[in-house]
Amino acid sequence: MGVPKNHHFVSQCYIKNFFNKQNHRIYCYDKEKDKYFSKITSKSIFSEEFLNTRIRNGQLDHSTLEEELNNYFEKDFNRHTTEILNYISNPAKVTLSLLESLYAIALYGLISDARNPKVKKEIDNGLVWIGDRKS
C-alpha cells in the first residue's frame, strides 16, 4: 500500500466520535453549503488531496506532517477526551492531568482551524512572498 495522499483537515480520531453505531453512519453539516449529509466511513469527510504534502529536497513528502500531527495531537486524543468527559460527569478536584488535557484539546482546536482549506487559502492570500515584491 502506498503513502496516502488524501489528508484530513479534521482528524479521523475526532470524526469517529460522531459515528452513529445504530445507523452505521457519520452525520455531518456543511455550513458553507447549508447542507446535511451522512457517510458510512470517515475516509472522505473533511479531507483534501495533498493537504499535508510538503516539498522537501525537491521531492514530494506526503507523510512527515501526517506523522507529526499523529505524534503531537492524535495519538493522545482519546485519553484527553476521556479525562475531560470523566471530569464533566463527576466533577472533583481539578488535577494537573485535567489541565493538560484541556490544554491539549485547545491546541488541537487551534491547529484544526488553521488546517481548514478555507482558512489556509485566506492565510496564503495574505502572505507576500519576497520574490513577488518589486524593489
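For clarity, every value in this text was computed on a predicted model and none was experimentally measured. (Residues numbered from 1 in each chain as written. Predicted model: local features only at pLDDT ≥ 70, side-chain atom pairs only at ≥ 80, totals over all residues. Heavy atoms only, no water.)

Within the secondary structure, Ile111 sits in helix α4 (residues 96–115). Ile111 sits 42 residues away from Leu69 along the chain, and the two C-alpha atoms are 9.2 Å apart. Dropping the residues within four chain positions of it, Ile111 is found in contact with Leu69 and Phe73. (Helix = DSSP H or I, 4+ residues; strand = E, 2+ residues; numbered from the N terminus. Contact = heavy atoms within 4.5 Å.)

With that settled, the discussion passes to the layout of surface pockets. The gaps left among the atoms become clear once a water-sized probe is rolled over them. The volume enclosed by the largest pocket comes to roughly 940 Å³. Lining the largest pocket are 28 residues, with Phe9, Val10, Tyr29, Phe46 and Asn116 sitting closest to its centre. Among the residues forming the lining of the largest pocket, the class breakdown is 15 nonpolar, five polar and eight charged. Space inside the second largest pocket adds up to approximately 300 Å³. Asn6, His7, His8, Gln12 and Glu66 are the residues nearest the centre of the second largest pocket, which is lined by 14 residues in total. For the lining of the second largest pocket, the elements supplying multiple residues, two or more each, are β1 (6–8) and α2 (64–74). In terms of residue class, the lining of the second largest pocket is made up of three nonpolar, six polar and five charged. (1 Å grid on protein atoms, 1.4 Å probe; cavity = no way out; pocket = protein on both sides within 12 Å on 5 of 7 lines; lining within 4 Å. Points joined across faces, edges and corners; volume = space filled by probe spheres on them. Nonpolar A, V, L, I, M, F, W, Y, C, P; charged D, E, K, R; others polar.)

Further remarks concern a nonpolar patch on the surface. Where nonpolar side chains cluster on the molecular surface, the patch consists of Val94, Leu96, Leu99 and Leu102 and spans about 370 Å² of accessible area. On the basis of relative accessible area, Leu96 is assigned to the exposed category, the value being 60%. (Patch = residues over 30% accessible without salt bridge, like charges linked within 9 Å, V, L, I, M, F, W, Y side chains within 5 Å. Areas by Shrake-Rupley, 256 points an atom, 1.4 Å probe, with all protein chains shown as cover. Salt bridge = Lys/Arg side-chain N within 4 Å of Asp/Glu carboxyl O. Buried < 20%, exposed > 50% of the residue type's maximum accessible area, 1.4 Å probe, protein only.)

Tallied over the full model, the rule gives four salt bridges. A salt bridge links Arg54 to Glu68, with the nearest nitrogen and oxygen atoms 2.9 Å apart. Within this pair, whereas Arg54 is found in strand β6 (residues 54–56), its partner Glu68 is found in helix α2, the two being separated by 14 residues in sequence. Residue Asp61 is joined to Arg56 by a salt bridge in which the shortest nitrogen-to-oxygen separation is 3.5 Å. Arg56 sits in the partly exposed class, given a relative accessible area of 42%.

Attention now goes to the pairing of strand β4 (residues 35–39). Across five bridges, strand β3 (residues 25–30) lies against β4 in antiparallel orientation. Following the sheet pairing, Cys28 is matched in β4 by Phe37. With antiparallel pairing between neighbouring strands as the criterion, β3 and β4 make up a hairpin whose turn holds four residues, including Asp34 at a positive phi of roughly 50°. (Pairing = 2+ DSSP bridges.)

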